[in-house]
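# Architecture and fold: a report
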Amino acid sequence: MHPDALNDAIERAAEAILAARYVVALTGAGMSVESGIPPFRGPGGLWTRHGEPPMNGYQRFLADPAKAWRERLNPQGPMRELWETLQAAKPNPGHHALVRLEELGVLRCLITQNIDNLHREAGSRSVAEIHGNVLLVRCVECVARFAREEIPVAELPPRCPHCSGLLKSDTVSFGEPIPPDVLAQCFEASEQCDCMLVAGTSATVYPAAQFPLDVRERGGQLIEVNLYESELTPYCTISLRGSSATLLPELVSRVGARRAS
């Protein structure tokens, strides 16, 4: 993207964000990659190198939850690699820019497809983790969530202290429904949204892929921040081609400057 065209697009994006009534961000793996976390698919992806996990992961968990917990507590192979990478990762400037946009009172909700907890670590507060959070444990019955260290694992599988339901990792397995509470939060935010900022994702995995399309169908603004064109690009009103770790801080800086003037 030519520097002049990019500068103009950032200006228009800042104007659109400030003119909006309800701004929502949707983030994906591209933001995690810029914090050193490999994607699951594509070049260098975890599943590209090791093969995709079973598509019936949730059903396998329900069939033998104790085994699933033993594997979680002592990860091997690609899961060990992923866990070690997640533990070492830190929020990048893109994560911090979205925190600042929330602090300005502009960003109302952040929907993320990432499981790495980096948005929360950076300081984002209104976060809907549609695929779960790797640091949390969730009850499959009442959907209560707990920090992993809060849950005793002397006896497997652990049970929910509220309802005695099975506990599993909060991350959503293949074959597992999106937890109803977070799904309702996402739909509520996207239904109110008149400007969606889509960063680091091609938005092809449903149900998250539907949110920007719904916003656009209602006539809302759709701002894309991505290194590459995506399937979403034709629907976007503004596309910022480049790194989210670079472009989001610049965009939010201009939003802040305009609010202050």
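Each value, and the rule that gives it
Residues numbered from 1 in each chain as written. Predicted model: local features only at pLDDT ≥ 70, side-chain atom pairs only at ≥ 80, totals over all residues. Heavy atoms only, no water. Helix = DSSP H or I, 4+ residues; strand = E, 2+ residues; numbered from the N terminus. Buried < 20%, exposed > 50% of the residue type's maximum accessible area, 1.4 Å probe, protein only. Areas by Shrake-Rupley, 256 points an atom, 1.4 Å probe, with all protein chains shown as cover. Pairing = 2+ DSSP bridges. Axes fitted to C-alpha atoms, helices over the stretch in contact; angles between N-to-C directions. Contact = heavy atoms within 4.5 Å. Core = buried A, V, L, I, M, F, W, Y, C linked by side-chain atoms within 4.5 Å.

## Things to note about the overall build of the chain
When helices and strands are counted, the chain shows 11 helices and 9 strands. Reported as C-alpha extents along the three principal axes, the dimensions of the chain are approximately 60 × 35 × 30 Å. Expressed as a percentage of the 261 residues in the chain, the buried residues total 49%. Roughly 12500 Å² of accessible area belongs to the chain as shown, and the carbon and sulfur atoms make up 52% of that amount.

## Observations concerning the pairing of strand β4 (residues 136-139)
The sheet contact formed by β4 and strand β5 (residues 145-147) spans 3 bridges and is antiparallel. Paired with Leu136 across the two strands is Ala147, which belongs to β5. Following β4, the chain reverses through 5 residues before pairing antiparallel with β5; Val143 in that reversal takes a positive phi of roughly 60 degrees. With 3 bridges connecting them, β4 and strand β6 (residues 167-169) associate as antiparallel partners. Following the sheet pairing, Cys139 is matched in β6 by Leu167.

## Remarks on the sheet that holds β6
The 3 strands lie next to each other as β5-β4-β6, forming an open sheet whose pairing is antiparallel. Strands at the two margins of the open sheet, each flanked by one partner only, are β5 and β6. Averaged over all pairs of adjacent strands, the angle between their axes in this sheet comes to 35 degrees, without regard to strand direction.

## Here's the deal with the sheet that holds strand β9 (residues 238-241)
Taken in spatial order, the 6 strands of this open sheet run β3-β2-β1-β7-β8-β9, and their pairing is parallel. The outermost strands of the open sheet, each flanked by one partner alone, are β3 (127-129) and β9. Between one strand axis and the next, the sheet turns by 15 degrees as a mean value, whatever way the strands run. Sheet strands touched by helix α7 (residues 93-103): β1 (23-27), β2 (107-112) and β7 (195-199). Its angle to β2, the strand with the most contacts, is close to 150 degrees. The strands touched by helix α11 (residues 244-260) within the sheet are β7, β8 (221-226) and β9, with β7 carrying the most contacts at an inclination of about 150 degrees.

## Concerning unusual backbone geometry
Put simply, Leu156 and Pro157 share a cis peptide bond, and its omega is -5 degrees. Among the structural elements, Pro157 can be located in the loop between β5 and β6. Phi at Val143 takes a positive value of approximately 60 degrees, unusual for a residue other than glycine. Even without being glycine, Ser164 reaches a positive phi, approximately 70 degrees. Within the secondary structure, Ser164 is located in the loop between β5 and β6. What makes Ser164 partly exposed here is its relative accessible area of 49%.

## Re the nonpolar core
Proteins that are soluble and globular tend to have nonpolar side chains buried together. Of all hydrophobic cores here, the largest spans 30 residues; its most connected members are Leu197, Ile223, Leu240 and Leu251. Elements represented by at least two residues in this core include exactly α1 (3-19), β1, α7, β2, β7, β8, β9 and α11. Counting residues per element, this core draws most heavily on α1, which supplies 7 residues. Not counting the four nearest positions on each side in its chain, Ile223 is found in contact with Ala13, Ala16, Ile17, Cys195, Met196, Leu197, Val198, Ile238 and Leu240.

Read these as layout, nothing more, since geometry by itself doesn't imply function.
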